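Each chain, letter by letter, is given below.
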Amino acid sequence: MTVTKDEVEEANRKSVDGMMESEPTWVSVGPAEKEIGGMKKTLLHAGPPIEWSSASGPLKGAIVGAILYEGWAETAKKAERLVEEGEVRLDCCHHRNAVGPMAGVISPSMPVYVLKDMKGGTKTFSNMNEGIGKVLRYGAYSSEVLQRLRWISDEFAPLLAAGIRKIVKERGGFAVKPMIAQALTMGDDCHNRYVAATSLFAKQIAPYLVGAGFTAREVAKALEFINANNFTTLNIGMAAAKAMTLAGHNVEKSSIVTVMARNGTDVGIWVSALGNRWFTAPAPVPKGIYFPGFSESDANPDIGDSAITETAGFGGFAMAAAPAIVSWVGGSVQDAIEITNRMYEITYTAHRYFQIPYLGFKGTPTGIDLRKVLKTGIAPTLNTGIAHRSAGVGQIGAGMVTLPMKVFEEAFRAYVDRYGT
Amino acid sequence: MIRALSIGEKALRVSTGGSRGRVTRVFREAAYIWFGSEMIVAARGGPRSQFSVNLETSQPICDLVAPGDECVVKRQRAEIGSLDVRVEGAELYRGGPRSFDIDLPADRCLLRSASTLRMLYDVSESSQMFLGSGEFSRFLTWLLREADEGGNTFELERYAGLIGLGPGFTPAGDDFLGGFLATFNQAPGSFGLMPVKVPFDFASARTHRESAALMNYSQEGILDESVERQLTFLLSGREECYFQELLAMAPRGHTSGLDTSLGILFCAAFLAERERGSGIAKRVVSAVTGRLKQFK
C-alpha cells in the first residue's frame, strides 16, 4: 500500500483531533482484578514487554513487593522464585489500557482509578500514588511500603470510591482534562509537577469525601495524605493521557506516536497506524539532580509509563508552563522553554485546550509525528524521576531524558514498509 | 583555545601550503575558508572529510569566527581571526574513493528508499520549490530517456538547469547533483559510461562559489564520510547499512541531506535501469515526485 502526503495529513489530523477532543473522566475506583480483569496470578508493569531475567532492579523490587502484598509469598526470595518459575505472569500495563508511573506494577488486589472517555467510551486505568522516596514504584518493598499499600487499599481507596460515586451521581464523573488545562496555567507540567493539579483535585473532591459516610478521622487522614503528596494526581493524569492517546490510536495511515513507555531496561513506542506493535531500544539514564549521597552511577535507566503525558501533549512538552520544575529536574528556566519550543518541531499541532501562558497562551506541542522526528533528528525529551538501580532503595533524584532515536528509526522503517511499497 | 578533533588530508595540505586563508561564509555549524582557489571547511563536530577541520566546541561557529577573518595554519595550531585552534593531536582523515564490488540494489530496496525520502520531504517546507520545478522535471525526463536508450549522459547543459536551483546556501539542485555525480563517478566504468565533470567555473557562475566547490569535491569523489558510506553501502548491496545512513543524513540542513540522498538514489536507480531494464528508474522517480502519470 502506498499513501499520499494528503492521506497521511488527513489521518494525522483525525488521530490528533481524537486525542484533543477526548473527555477522560474519572468514574470509579475498584480492585484491578475487577476493573481491568484477567489478572489471575498476573502482575502488570510499565513499559514494553520484559522477561524477569532482563528486568531492572527497581522493576524487580516492585514485582517482589507486589507479590508480598498479594500474599503469594512470604519472603522476597520465594517471591522471586514464583516469577522465575512462571507461576506469576508479567504483562504490560499498556496491553490492558492501563498505565503506572515508574515500575508501574499493578497487582490484582491493588485499587485502580477507572477513567472513561466520555467521547469514545474506552476505559483506562492507573494505580494509586504512594508518595515519593521509598515506595513500591521505585522498587522498595519494606514493611513500611507494604503497610502503606494496605492502608491505600483498605482505607484510602474505599473513601475515594465512595466520593467518586457521589460525584458520578451528581455530575457524571470528575472531568480530568479541565483540571490538567487549569493546572498548566498555574505552573504545573502535569508530569513531574502536580502541585496545582493536586490542589485543584483536593479542593473539588473534599466536599464529597466529607459526606461519604466515613469518620472525620478517616477523611482527615486521607486529605492529609493528599496534602503531603503532590503526586496524588499524577496517576489520574496519566490515565487521562492514556485515554487521550487511545482516542488517536489505530488510525489507518497515521504516523502519530501514541505510546512512549519505559520498563527500566528498554524504551518502547507505538505508532497509531501500526497498532500495538512495540518498537524498542535500550533505555537511557536520565540526567538530573540527585538526592544527597547519590549520583548518576547509582541511577537506573529510565523507567515508567508516565511518558504517556508527553505523548498526549503535556508533561515535559509543557515545561515552559512550569518554570519552577527546574528546581526538581535540573536545568534552567531557559532550558525548560527551549525544550518546549524544540518539541513543536516534531509535533503535529499546538493543543487546542492545553495552553502555556508564558508563550502567549500557545497550545502545547501535541501529536508526535514520526516523520518529523526522523527529518529533524529531534527525539522527544521528557522529565522523570530517577530510581536507584538496585531493588529496595527507591527514588534517588529527578531529571530529564531524551528517548533514543533508534525506536523512531525502527518504527519509521515499519511505517515505510507498510505504506511506502 | 579549542581543539581540532580531526583534519582532512586535503585541508591540511591546502592550509599549510604557505598562503593565508580568508573566511567567506559563516553559519552555526561551519565556516568556509578559501586559500587562493581552494576551499576548506571548519565544522563543529560532524562528519569528517578530506576538506574539513572538525572542531570540538559546543559554541556555534558563527560565535567564534566572522566573514573576512584571516586563517593561518601551522603544524600544531591554527588561527582563524581571533580563534585559536590546537591542531596537534587531531586525527588525520584520509577518506577518499575506495574500490568495492558493485552489487546494485534490488528494485525493492530502491523503491523503499524512494518512499522514505518522499515521506521525509512531505514534512519539509519548500521542498516543492525543487521537486516540483520545471528544471528538475526536464532533467528527470531526459535522465529516464537516457536510462531507457542507453545514451551518453554527459551533456553539460542537461545539468546546468539544476545548478543553483532551489532555496538554501547549498541550493537543493547543487546538493542533488553532488549526490548524483558522486555516485555516478564511482562506478561508470562498470556500466560503459564516462565520468561526468561539471567545470568549477561553469558551476560557480550559476551558484554560490562555496556550493560549487562542494559539488566539485563530490564529483571528484572527495566526500564527507556520511555521504561516502551511504553511496558505498547502496552500490554494494548492503541495504540495511545504507538505510541507516540515509536516515542519519535526513536532518542535515534544511533539505541538504535529503537532496544529496536523492541524488545518490536516482543515480543508483538509473544504473539499475541500464543494467536490468525493469522500469525501476521510472517507478523510483514517480515514488518520490508523486507525479505518477508523467513518470510511469
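Residues numbered from 1 in each chain as written. Chains lettered and ligands numbered in written order. Predicted model: local features only at pLDDT ≥ 70, side-chain atom pairs only at ≥ 80, totals over all residues. Heavy atoms only, no water.

1. Digging into the overall build of chain B
Next up, step 1: What chain B contains, in helices and strands, is 13 helices and 9 strands.
Next up, step 2: Expected size for 296 residues packed as a compact globule is a radius of gyration near 19 Å; at 19 Å, chain B falls within 12% of this value.
Next up, step 3: Referenced to the eigenvectors of the C-alpha coordinate spread, the extents of chain B come out at roughly 55 × 35 × 35 Å.
Next up, step 4: Counting across all 296 residues of chain B, residues that qualify as buried make up 59%. (Helix = DSSP H or I, 4+ residues; strand = E, 2+ residues; numbered from the N terminus. Rg over C-alpha atoms; globule rule 2.2 N^0.38 Å. Buried < 20%, exposed > 50% of the residue type's maximum accessible area, 1.4 Å probe, protein only.)

2. Topic: the pattern of salt bridges
Residue and element names in this part refer to chain A.
Next up, step 1: Within this structure, the stated rule accounts for 42 salt bridges over all chains.
Next up, step 2: Here Glu-23 ties to Lys-119 by a salt bridge, and the two come within 4.0 Å at their closest N and O atoms. A residue pair is termed long-range when its members are at least 10 positions apart, and Glu-23 in the loop between helix 1 (5–21) and strand 1 (24–31) and Lys-119 in the loop between strand 5 (111–117) and strand 6 (123–126) qualify at 96 residues.
Next up, step 3: Residue Glu-23 is classed as partly exposed on the basis of its relative accessible area, which comes to 37%.
Next up, step 4: The class of Lys-119 is exposed, set by a relative accessible area of 52%. (Salt bridge = Lys/Arg side-chain N within 4 Å of Asp/Glu carboxyl O.)

3. Some thoughts on helix 8 (residues 216–228) of chain A
Residues and elements named next belong to chain A.
Next up, step 1: Here helix 8 spans 18 Å end to end across 13 residues, near enough to the 18 Å set by a 1.5 Å rise per residue.
Next up, step 2: Taken as a whole, helix 8 has its buried residues at Val-219, Ala-222, Phe-225 and Ile-226. The buried residues of helix 8 occupy an angular sector of 125° when projected down its axis, which confines them to one face. Opposite its buried face, helix 8 presents the exposed residues Ala-216, Arg-217, Glu-224, Asn-227 and Ala-228, each directed more than 90 degrees away.
Next up, step 3: Where helix 8 is buried, its residues contact helix 5 (143–171) and helix 7 (195–210). (Expected span 1.5 Å × (residues − 1). Arc of directions from axis to C-beta. Contact = heavy atoms within 4.5 Å.)

4. Considering unusual backbone geometry
Backbone geometry follows two general trends: most residues other than glycine have a negative phi, and most peptide bonds adopt the trans configuration.
Residues and elements named next belong to chain A.
Next up, step 1: The backbone of Lys-41 sits at a positive phi, close to 45°, despite the residue not being glycine.
Next up, step 2: Residue classification places Lys-41 among the partly exposed positions, given a relative accessible area of 32%.
Next up, step 3: One non-glycine residue, Asn-250, lies in the positive phi region at around 60°.
Next up, step 4: Looking at the element boundaries, Asn-250 is found in the loop between helix 9 (234–246) and strand 8 (257–263).

5. What about the side chain of Glu35(A)?
All names here are of chain A.
Next up, step 1: Looking at the element boundaries, Glu-35 is found in helix 2 (residues 32–35).
Next up, step 2: A distance of 3.3 Å separates polar atoms of two side chains, one belonging to Glu-35 and the other to Lys-34.
Next up, step 3: Contacts of Glu-35, omitting those with residues within four sequence positions, involve Ser-28, Val-29, Gly-30, Val-112, Val-114 and Phe-125. (Polar contact = N/O pair within 3.5 Å; in protein donor to acceptor, adjacent residues only side chain to side chain.)

6. Focus: the packing of helix 6 (residues 172–184) of chain B against helix 8 (residues 209–219) of chain B
All names here are of chain B.
Next up, step 1: Between helix 6 and helix 8, whose axes approach to 7 Å, the crossing angle comes to 15°. Classified by the interaxial angle, the pair formed by helix 6 and helix 8 is roughly parallel. Seen from above, helix 6 lies across helix 8 with right-handed handedness. Only Ser-211, Met-215, Ser-218 and Gln-219 of helix 8 make contact with helix 6, whose side of the interface consists of Asp-174, Leu-177, Gly-178, Leu-181 and Ala-182.
Next up, step 2: Partitioned by chemical class, the residues of the contact of helix 6 with helix 8 number 4 nonpolar, 4 polar and 1 charged. (Axes fitted to C-alpha atoms, helices over the stretch in contact; angles between N-to-C directions. Parallel < 35°, antiparallel > 145°, perpendicular 65-115°, else oblique. Left-handed = near helix turned anticlockwise from the far one by under 90°. Nonpolar A, V, L, I, M, F, W, Y, C, P; charged D, E, K, R; others polar.)

7. What about the sheet that holds strand 12 (residues 303–304) of chain A?
Residue and element names in this part refer to chain A.
Next up, step 1: As summarised here, the arrangement of the 4 strands in space is 10-9-8-12, forming an open sheet in which the pairing is antiparallel. Each edge of the sheet is formed by a strand with only one pairing partner; in this case those strands are strand 10 (279–282) and strand 12.
Next up, step 2: Of the strands in this sheet, strand 8, strand 9 (266–271) and strand 10 touch helix 14 (residues 405–419), which is tilted by about 155° from strand 10. (Pairing = 2+ DSSP bridges.)

8. Brief notes about the nonpolar core
Next up, step 1: Counting 111 residues, the largest nonpolar core has Ile269(A), Phe408(A), Phe136(B), Leu262(B) and Phe266(B) as the members making the most contacts within it.
Next up, step 2: Here the element with the most residues in this core is helix 11 (residues 256–276) of chain B; it accounts for 11 residues.
Next up, step 3: With sequence-adjacent residues up to four places away left out, Leu262(B) is seen in contact with Leu117(B), Tyr121(B), Phe130(B), Leu131(B), Phe136(B), Phe176(B) and Val288(B).
Next up, step 4: Core analysis: the next-biggest nonpolar cluster, separate from the first, contains 55 residues, Cys92(A), Leu160(A), Cys190(A) and Phe201(A) among them. (Core = buried A, V, L, I, M, F, W, Y, C linked by side-chain atoms within 4.5 Å.)

9. Comments concerning the interface of chain A and chain B
It is common to give the size of an interface as the accessible area lost on bringing the parts into contact.
Next up, step 1: Counting from both sides, the interface comprises 19 residues of chain A and, opposite them, 19 residues of chain B.
Next up, step 2: For the pairing of chain A and chain B, the buried interface totals around 1,700 Å² over both sides, and the portion due to carbon and sulfur atoms is 59%.
Next up, step 3: Put simply, chain A and chain B have 2 salt bridges between them.
Next up, step 4: A salt bridge links Glu240(B) to Arg413(A), with the nearest nitrogen and oxygen atoms 2.0 Å apart.
Next up, step 5: Per-element accounting of the side of chain A that touches chain B gives the leading share, 7 residues, to helix 14 of chain A.
Next up, step 6: Tallied by class, residues from the side of chain A that touches chain B come to 6 nonpolar, 5 polar and 8 charged. (Buried area = accessible area lost by both parts, 1.4 Å probe.)

10. Digging into the confidence of the model for chain B
Parts of the prediction with low pLDDT should not have their coordinates interpreted in detail.
Next up, step 1: The predicted model of chain B has a mean per-residue pLDDT of 91, with 95% of residues at 70 or higher.
Next up, step 2: Quick note on the complex model: pTM equals 0.95, ipTM equals 0.92. (pLDDT = per-residue confidence, 0-100.)

11. What about the packing of helix 4 (residues 134–149) of chain B against helix 11 of chain B?
Each pair of packed helices can be described by the angle between their axes along with the distance between the axes.
All names here are of chain B.
Next up, step 1: Two numbers describe how helix 4 lies on helix 11: the axes approach to 8 Å, and their chain directions differ by 25°. Put simply, helix 4 runs roughly parallel to helix 11. Residues Phe-136, Leu-140, Leu-143, Glu-146, Ala-147 and Asp-148 of helix 4 lie in contact with helix 11, whose contacting residues are Leu-262, Phe-266, Phe-270, Glu-273 and Arg-274.
Next up, step 2: Tallied by class, the residues present in the contact of helix 4 with helix 11 amount to 7 nonpolar, no polar and 4 charged.

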